[in-house]
Amino acid sequence: MATAVAKAGPAESVEYAARIEHVSKSFAGPVGRQLVLDDITLDVAPGEFVTLLGASGCGKSTLLNLVAGLDDPSSGSIKTDGRPSLMFQEHALFPWLTAGKNIELALKLGGVAKNDRRERAEELLTLVRLQGSYDKRVHELSGGMRQRVALARALAQESRLLLMDEPFAALDAITRDVLHDELTRIWAETGVSVLFVTHNVREAVRLAQRVVLLSSRPGRIAREWTVEIPQPRRIEDAPVAELSIEITEQLRGEIRRHGQQ
Amino acid sequence: MASSDTKSGLTDTRQARSDGNLQTAGLEAGLDALENVATTRTPFSVTFRAKILPPLIATGVVLLVWQALITFNVVTDPTKLPSPGDVATEFKDAWLEGKLLGYIWTSVERGLLGFLLALAIGTPLGLIVARVKFVRAAIGPVLSGLQSLPSVAWVPPAVLWLGLNNSMMYAVILLGAVPSIANGLVSGIDQVPPLFLRAGRTMGATGWKGAWHIVLPASLPGYLAGLKQGWAFSWRSLMAAEIIASSPDLGIGLGALLENGRNASSMPMIFEAIFLILFVGIAVDLLVFSPLERRVLRSRGLLVKS
Ligand SMILES: Nc1ncnc2c1ncn2[C@@H]1O[C@H](COP(=O)(O)OP(=O)(O)O)[C@@H](O)[C@H]1O
Ligand SMILES: [Mg+2]
């Protein structure tokens, strides 16, 4: 199935998909500079699936934007293995193009030859199980289908690192479950590294090999968990629930600290 | 399926995994089908009843009232209000003399040429104003202010600058239409969602590539609205110019026809000219701009079906 999709394997000399070293970020706020991210150090290994977990406003999107190169850190350094692709909570598909043409635009900007684009776009649509939706307009697709096209478009960039910023947060629970299965399958099939941001603890545990908990104000790495539960997992699985409870306790502790100050 | 050399335990997990995959696929297909919105084209009879019939009836009512005013001697002076029949005769005579299409074409040719010229100037101007901060600060306010200046105000200076000729007409059209077109593009570009720009940047669409693949298509609805308004302004400016600057060398366009009607105190001729001006304005909008705008909006799902 979908064997034609290239494996985005690691380049020889690079032992990371992303290397974040001592990164801090502050914004000019109404009361002077506000420190949002404080001394973040994090590696994403080639082919690894890492979820970044934290309360709303803790700086998850800020960190992802920095890794994507959309903004520069105030201090520290970020290195990635090639330009990462980025998926947002909103699908960000271009409404003036069809589903297929959205994917082809990414291919074109990535330098794929004109004659190969159509076939490659169809392959990617098949990968996200949307074969036959090439000519669909964005507004004709459901929320889940839009996110799958957005995923196909992100994969079209052939990046070794896929950054995802709460991509399923706006979907209903049934659709979200299905997309978890799909993402896990596609990650295994393509070998792409994923840095996945969420505020949903169970989602983080359901998907990741490693969960990184971010504290708030400023955002610091509070703790990390390696998730040994074999895939395919389900969000209802007992081991998933168990670990989720442990992580939730820690997360609540982090949040409580702010109430005491 | 599993190849023969795999151990049975491994085959089992693979089997389970591929079963799970199949189930997900089926589930997903079901979800997609449930969310699928059926899009059907409205049949012509419905469009006819909803969109075409009402204006036809309205026109018929106006004609009836008009005729009634004359039949029942409410208005008795034909130099103030000619009968519909008189105006129809005026049209027929102009048609039989072979002049009717000439009047229309003289004005339409000027209007379209002027509009295309305005397009060629207004588009790059809008791009520069939208993208270059200094230019925007310098001429942005003037450009949007110019939209509220009635373009007939440009006719006297244009006559003194260029004389009574076609160039003067084009100058008036340009001064009327260029600000609309440029402003439409500027507001179209301003309204491009930042999310699209960020998505484009992560895909490598920066600089000119970003402008071509993201900014321009995203701003198309605003640009089209500007074009539509630009045409309306072109047409109005042109009529103003033709009425004020009618001269035998310029040929008789619709504005000149109106002015001739006034000089000859011929109410039917004046009505003829007014109807033609209205007709051309509506026809261009109905045949060119509205379909274009509808197509763009519909393809983006921005047009709510009524
Ligand atoms: N461009 C910006 N300017 C000023 N403050 C910002 C900017 N972007 C983010 N912030 C602030 O940084 C904090 C973290 O934001 P964000 O990364 O979006 O959080 P999260 O994605 O974890 O919910 C918020 O308090 C937000 O107000
Ligand atoms: Mg966020």
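To keep things clear, this report deals only with the structure shown in the data block. (Residues numbered from 1 in each chain as written. Chains lettered and ligands numbered in written order. Predicted model: local features only at pLDDT ≥ 70, side-chain atom pairs only at ≥ 80, totals over all residues. Heavy atoms only, no water.)

Regarding a positive patch on the surface
Residue and element names in this part refer to chain B.
Part 1: Taken together, the side chains of Arg41, Lys51, Arg294 and Arg298 make up a positively charged region of the molecular surface.
Part 2: Along the chain, Arg41 falls in the loop between α1 (8-35) and α2 (44-71).
Part 3: The class for Arg41 is exposed, based on a relative accessible area of 73%. (Patch = residues over 30% accessible without salt bridge, like charges linked within 9 Å, V, L, I, M, F, W, Y side chains within 5 Å. Areas by Shrake-Rupley, 256 points an atom, 1.4 Å probe, with all protein chains shown as cover. Salt bridge = Lys/Arg side-chain N within 4 Å of Asp/Glu carboxyl O. Lys, Arg positive; Asp, Glu negative; His and termini not counted. Charge placed at Lys NZ, Arg CZ, Asp CG, Glu CD. Helix = DSSP H or I, 4+ residues; strand = E, 2+ residues; numbered from the N terminus. Buried < 20%, exposed > 50% of the residue type's maximum accessible area, 1.4 Å probe, protein only.)

Some thoughts on the packing of aromatic side chains
All names here are of chain A.
Part 1: This structure, assessed with the given rule, holds 13 aromatic pairs over all chains.
Part 2: Measuring from ring centre to ring centre gives 5.5 Å for Phe49 and Trp187, while their planes differ by 85 degrees; the resulting arrangement is edge-to-face. One end of the pair, Phe49, is in strand β3 (residues 49-53); the other, Trp187, is in helix α5 (residues 173-190), with 138 residues separating them in the sequence. A single burial state applies to Phe49 and to Trp187, both of which are buried.
Part 3: The lysine or arginine in question, Arg118, covers the ring of Tyr134, its NZ or CZ lying 3.6 Å from the ring centre. (Phe/Tyr/Trp six-rings, centres within 6.5 Å; stacked < 30°, edge-to-face > 60°. Lys NZ or Arg CZ within 6 Å of the ring centre and 35° of its normal.)

Examining the pattern of salt bridges
Part 1: For the coordinates displayed, the defined rule picks out 27 salt bridges over all chains.
Part 2: For A:Lys25, the salt bridge identified is with A:Asp71, shortest N-O distance 3.4 Å. Placement of the pair is A:Lys25 in strand β1 (residues 18-29) and A:Asp71 in the loop between α1 (60-68) and β4 (75-80), with a sequence separation of 46 residues.
Part 3: The class for A:Lys25 is buried, based on a relative accessible area of 8%.
Part 4: Judged by relative accessible area, A:Asp71 falls into the partly exposed class, the value being 32%.
Part 5: B:Lys80 is paired through a salt bridge with B:Asp77; the nearest N and O atoms lie 4.0 Å apart.
Part 6: Beyond isolated ion pairs, a larger network of salt bridges with shared partners links A:Arg129, A:Glu182, A:Arg185 and A:Glu189.

A word on the interface of chain B and chain A
Part 1: Taken residue by residue, the interface counts 31 residues in chain B and 38 residues in chain A.
Part 2: Roughly 3100 Å² is buried in total at the junction of chain B and chain A, and carbon and sulfur atoms are behind 63% of that figure.
Part 3: Of all residues in chain B, B:Glu28, B:Thr202 and B:Met203 bury the most surface against chain A, accounting for 23% of the area lost on that side.
Part 4: Joining chain B to chain A, the criterion identifies 2 salt bridges.
Part 5: In this structure, A:Arg148 and B:Asp32 form a salt bridge, with 2.9 Å as the shortest nitrogen-oxygen distance.
Part 6: Inspection of the chain B/chain A interface yields 9 residue pairs in polar contact (both at pLDDT 80 or more).
Part 7: Secondary structure elements with two or more residues in the side of chain B that touches chain A: α1, α8 (194-202), α9 (207-244) and α11 (267-299) of chain B.
Part 8: Examining the composition of the side of chain B that touches chain A, we find that 9 residues originate from one element, α1(B), more than from any other.
Part 9: Each residue belonging to the side of chain B that touches chain A can be placed in one class, and the counts come to 12 nonpolar, 10 polar and 9 charged. (Contact = heavy atoms within 4.5 Å. Buried area = accessible area lost by both parts, 1.4 Å probe. Polar contact = N/O pair within 3.5 Å; in protein donor to acceptor, adjacent residues only side chain to side chain. Nonpolar A, V, L, I, M, F, W, Y, C, P; charged D, E, K, R; others polar.)

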